Amino acid sequence: MKIRVLGSGAGGGIPQWNCHGEVSRAVRSGALGTSPRTQSSLAVSADGEHWFLLNASPDLGEQIRKNSVLHPRGEALRHSPIQGVVLTNGDVDHVAGLLVLRESHPLVLYGTERVLGFLGENSIFNVLSPHYVQRQALSLGQSFPLRDARGDMSGVMVEAFAVSGKVALWQEDESKGDNFGSEEGDTIALKLWREGAEQDAWYYIPACAAMTPDLARRLTGASLVFFDGTLWRDDEMIIAGVGTKTGRRMGHMSQTGEHGTLRAFADLGVKRKILIHINTTNPIIIEGSEENRKVRDAGWEIAYDGMEIG
Ligand code: MLT
Ligand code: MN
């Protein structure tokens, strides 16, 4: 399977437009060991010709321009190698790019009933003409082939399953208590493999609030996991003076702390671990920083835009 990191930053990207914190400043000034990051999304393909997007970030136009595998090919005057999109939640950083795929192009849009429901209530998403774009609800816990708009199998197999998380920020309902009305299906993980090679399955989990026993069991021994890299520490945005929310409040595990990502993965035997969806405050993106060294010493890689696997 071919995997291309289109974007590795969290919502807002790095540097986020209005963030004047230390990490954002370093990246904005082009400091040694830093690079900007667009908002998180992967492109995957079994054959290198037909590609599916895992999430559609607001930076998708720029991401397509920078990745020639996603450019139109052949003689037709309208063409795209992009066959469809799989959504892992309904947050702006993962759905706003759908508006970039506007108008009359055949695509399949996969998401949970919850997330497709939110999009369905919002008529702006009808720029993806319903005559051309099929919306396909994902059944959690069942494997299925990604198909193009003609119904042809792409060779990429997927199983979606719920992980601990939160409803999209723009759908939060404070009257519904501590979890803002979150339900199963608001945040999912994707297990992906090439048809016939489930033993090499890998995972894409750009948002996850907690390592549960079920998730630990699923990930044990996996060949590759892309995992929620939003924050280094839970109170990072508060300490940096740029925000009031903790990671927990946003539905994200942080790298450090008793229930943090480094500790949670320490004994899972995952062969390749890559942090993605990294926030504009997270010091791990500064090569050579103490935090960067600590995640690398714990066996993690840090995703960057344009990273290729397979
Ligand atoms: C998140 O991952 O917490 C969201 O992307 C927040 C947002 O939509 O800004
Ligand atoms: Mn996000």
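Being a predicted model, the structure only gives us computed values, none of them experimental.

Scoring rules and cut-offs
Residues numbered from 1 in each chain as written. Chains lettered and ligands numbered in written order. Predicted model: local features only at pLDDT ≥ 70, side-chain atom pairs only at ≥ 80, totals over all residues. Heavy atoms only, no water. Helix = DSSP H or I, 4+ residues; strand = E, 2+ residues; numbered from the N terminus. Rg over C-alpha atoms; globule rule 2.2 N^0.38 Å. Contact = heavy atoms within 4.5 Å. Salt bridge = Lys/Arg side-chain N within 4 Å of Asp/Glu carboxyl O. Buried < 20%, exposed > 50% of the residue type's maximum accessible area, 1.4 Å probe, protein only. Pairing = 2+ DSSP bridges. Axes fitted to C-alpha atoms, helices over the stretch in contact; angles between N-to-C directions. Near = heavy atom within 4 Å. Polar contact = N/O pair within 3.5 Å; in protein donor to acceptor, adjacent residues only side chain to side chain. Areas by Shrake-Rupley, 256 points an atom, 1.4 Å probe, with all protein chains shown as cover. Nonpolar A, V, L, I, M, F, W, Y, C, P; charged D, E, K, R; others polar. Donors = N, O, S within 2.8 Å, 3.2 Å for Na, K, Ca; no water.

Caption draft 1: The overall build of the chain, seen in detail. A tally of regular secondary structure across the chain gives nine helices and 14 strands. By the compact-globule yardstick of 19 Å for 310 residues, the chain fits well, its C-alpha radius of gyration being 18 Å. Expressed as lengths along the three principal axes of its C-alpha atoms, the size of the chain is roughly 50 × 45 × 40 Å. Restricting to contacts in the chain with at least 6 residues of sequence separation, those with at least 24 account for 68%.

Caption draft 2: Geometry of the pattern of salt bridges. All chains considered together, the criterion is met by 18 salt bridges. The shortest N-O distance in the salt bridge between Lys 176 and Asp 173 comes to 3.9 Å. Judged by its relative accessible area of 52%, Lys 176 is exposed. By relative accessible area, which is 28% here, Asp 173 ends up partly exposed. As a salt-bridge pair, Arg 296 and Glu 287 come within 2.9 Å of each other at their nearest N and O atoms.

Caption draft 3: Local environment of the sheet that holds strand S3 (residues 51–54). Read across the sheet, seven strands follow the order S6-S5-S4-S3-S2-S1-S14 without closing on themselves; strand pairing throughout is mixed. This sheet does not close on itself; its edge strands, each paired only once, are strand S6 (133–137) and strand S14 (308–309). Summarising the sheet, strand S5 (residues 107–111) and S6 pair through five bridges and their orientation is parallel. When the sheet's bridge partners are listed, Leu 109 is paired in S6 with Arg 135. Packed on one face of the sheet, helix H4 (residues 113–120) meets S5 and S6 and runs near 140° to S6.

Caption draft 4: Structural detail: the site of ligand 1. Inspection of the region around ligand 1 gives Asp 91, Val 92, Asp 93, Leu 169, Met 250, His 252 and His 277 as its neighbouring residues. In this structure, Asp 93 approaches ligand 1 through a side-chain N or O atom, which is 3.0 Å from an oxygen atom. Here ligand 1, which alone exposes 270 Å², has 78% of that area covered by the protein. In terms of residue class, the shell around ligand 1 is built from three nonpolar, two polar and two charged.

Caption draft 5: Just the coordination of the manganese ion (ligand 2), in detail. Only Asp 93 (OD) and His 277 (NE2) from the protein coordinate the manganese ion (ligand 2), and they sit 2.0 to 2.2 Å from it. In this pair, Asp 93 is assigned in helix H3 (residues 92–95) and His 277 in the loop between strand S12 (273–276) and helix H9 (290–297), connecting sequence segments 184 residues apart. In terms of burial, Asp 93 and His 277 fall into one category: buried.

Caption draft 6: Representation of the environment of Gly 288. Here Gly 288 shows up in the loop between S12 and H9. On the basis of relative accessible area, Gly 288 is assigned to the partly exposed category, the value being 47%. With 226 residues separating them along the chain, Gly 288 and Glu 62 place their C-alpha atoms 28 Å apart.

Caption draft 7: Just the sheet that holds strand S13 (residues 300–302), in detail. Strand order in the open sheet made by the seven strands is S7-S8-S9-S10-S11-S12-S13, with mixed pairing throughout. The sheet terminates laterally at strand S7 (143–147) and S13, the two strands that pair on one side only. When the angles between neighbouring strand axes are averaged without regard to direction, this sheet yields 30°. Of the pairings in the sheet, the one linking S7 to strand S8 (residues 153–162) comprises four bridges and is antiparallel in character. Residue pairing across strands places Pro 145 opposite Met 157, the latter belonging to S8.

By themselves these figures say nothing about function.
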